[in-house]
Amino acid sequence: MMRILRMSALLLPAVAAAACSAGTESSDPASPDDLIGRTFVSTGVTGTPIPGDGPMIVGFPENGRITATAGCNRFTGAVDLADGTVRTQDLASTMMACSPDREGADEWLGSLLGAGPRWSLDGDEFTLTTDDSTVTFEDEKVADPDLPITGTEWGVTALRTEDAVVSSVALKNAAPTLRISEDGTVAGRTGCNDFSGSAEVGDDVILFEPLTMTRAACSDPEATGIETHILEVLTGETTYRVDGSSMSLTAPNGVDGLDFTAR
């Protein structure tokens with residue numbers, strides 16, 4: 001069986017918004033609703049730089065939820081954006097080991113969000129500000145336009161289950177891939193075997209026909225688990241979402257999935 005790395009809870013303390021100076025009012029007309037469904041990529045940092053240079057990616061997939069990464073693990077959880085301040089609590093994280101040049105990236109991110117940064121939005125430009133640093137962002141749709149789902153070589157970066165997001169050394173070494181050509185031809189690799197087939201791509205779903213695959217045995221149980229998970233997701237009507245150079249697929253059960261990045 002594949003070893004599952006469960007998401008670890010990371011409590012980032014809520015910090016009260018800094019008191020406004022007398023007679024000063026914010027001129028930023030943006031409201032928290034303006035952030036829902038948007039993702040932003042950092043373009044600059046004043047103050048302590050991101051270990052490994054990031055970038056920091058922060059998203060607001062739905063009301064009251066935040067996702068964030070500074071180049072290593074991905075954090076997700078509840079957020080309160082009232083009064084122009086980011087207040088997070090009980091954020092959970094994937095448990096991937098950071099590369100040496102990115103060690104400290106998670107701590108940097110935790111320090112930033114734990115400081116209760118003030119936020120502002122001006123069109124496609126988003127800013128987080130603390131007493132010690134300012135991080136500027138650009139809307140991901142502008143900084144990293146959506147790649148076409150067909151004709152792009154996608155590499156698997158994480159496996160998703162009901163209670164975990166798995167990104168492991170074994171997955172990195174397996175380097176699974178998926179490519180859907182414009183004519184619907186499917187090709188890829190699970191890490192142990194090559195597969196091929198066909199699929200019909202719709203607006204937000206992909207209908208995979210049964211895949212054919214080589215028959216090589218996987219080298220260890222974790223690699224076997226990775227292959228099994230991939231094949232279960234690439235079966236039948238799978239939903240997809242593309243965000244810039246990233247893609248996610250969700251299996252017909254609505255729970256299991258795969259995260260990709262363009263190669």
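Provided above is the structure to which this section pertains.
Model, not experiment: these values are computed from the prediction.

Caption draft 1: Focus on the side chain of Thr250. Along the polypeptide, Thr250 turns up in strand β18 (residues 246–250). Assessed through its relative accessible area of 17%, Thr250 is described here as buried. Excluding its chain neighbours within four sequence positions, the residues that come into contact with Thr250 are Arg160, Thr238, Thr239, Val255, Asp256 and Gly257.

Caption draft 2: Fine view of unusual backbone geometry. Omega for the peptide link from Gly54 to Pro55 comes to 5 degrees, which places this bond in the cis form. Along the polypeptide, Pro55 turns up in the loop between β2 (38–46) and β3 (57–60). Although it is not a glycine, Asp90 adopts a positive phi angle of roughly 50 degrees. Judged by its relative accessible area of 53%, Asp90 falls in the exposed class.

Caption draft 3: Broad picture of the pairing of strand β13 (residues 185–189). With burial as the criterion, only one face of β13 is covered, namely that bearing Val186 and Gly188; the residues Thr185, Ala187 and Arg189 on the opposite face remain uncovered. Linking strand β12 (residues 177–180) back to β13 in an antiparallel pair, the connection comprises 4 residues, with Gly184 at a positive phi of about 90 degrees. Pairing between β13 and strand β14 (residues 194–201): 5 bridges, direction antiparallel. Across the sheet, the residue bridging to Ala187 is Ser196, located in β14.

Caption draft 4: Representation of the environment of Pro61 in the model. Along the polypeptide, Pro61 turns up in the loop between β3 and β4 (65–69). In the structure, Pro61 is positioned 23 residues away from Arg38 in sequence and 6.6 Å away in space, judged by C-alpha atoms. Excluding residues that lie within four positions of it along the chain, Pro61 makes contacts with Ile36, Gly37, Ile66 and Thr67.

Each value, and the rule that gives it
Residues numbered from 1 in each chain as written. Predicted model: local features only at pLDDT ≥ 70, side-chain atom pairs only at ≥ 80, totals over all residues. Heavy atoms only, no water. Helix = DSSP H or I, 4+ residues; strand = E, 2+ residues; numbered from the N terminus. Buried < 20%, exposed > 50% of the residue type's maximum accessible area, 1.4 Å probe, protein only. Contact = heavy atoms within 4.5 Å. Pairing = 2+ DSSP bridges.

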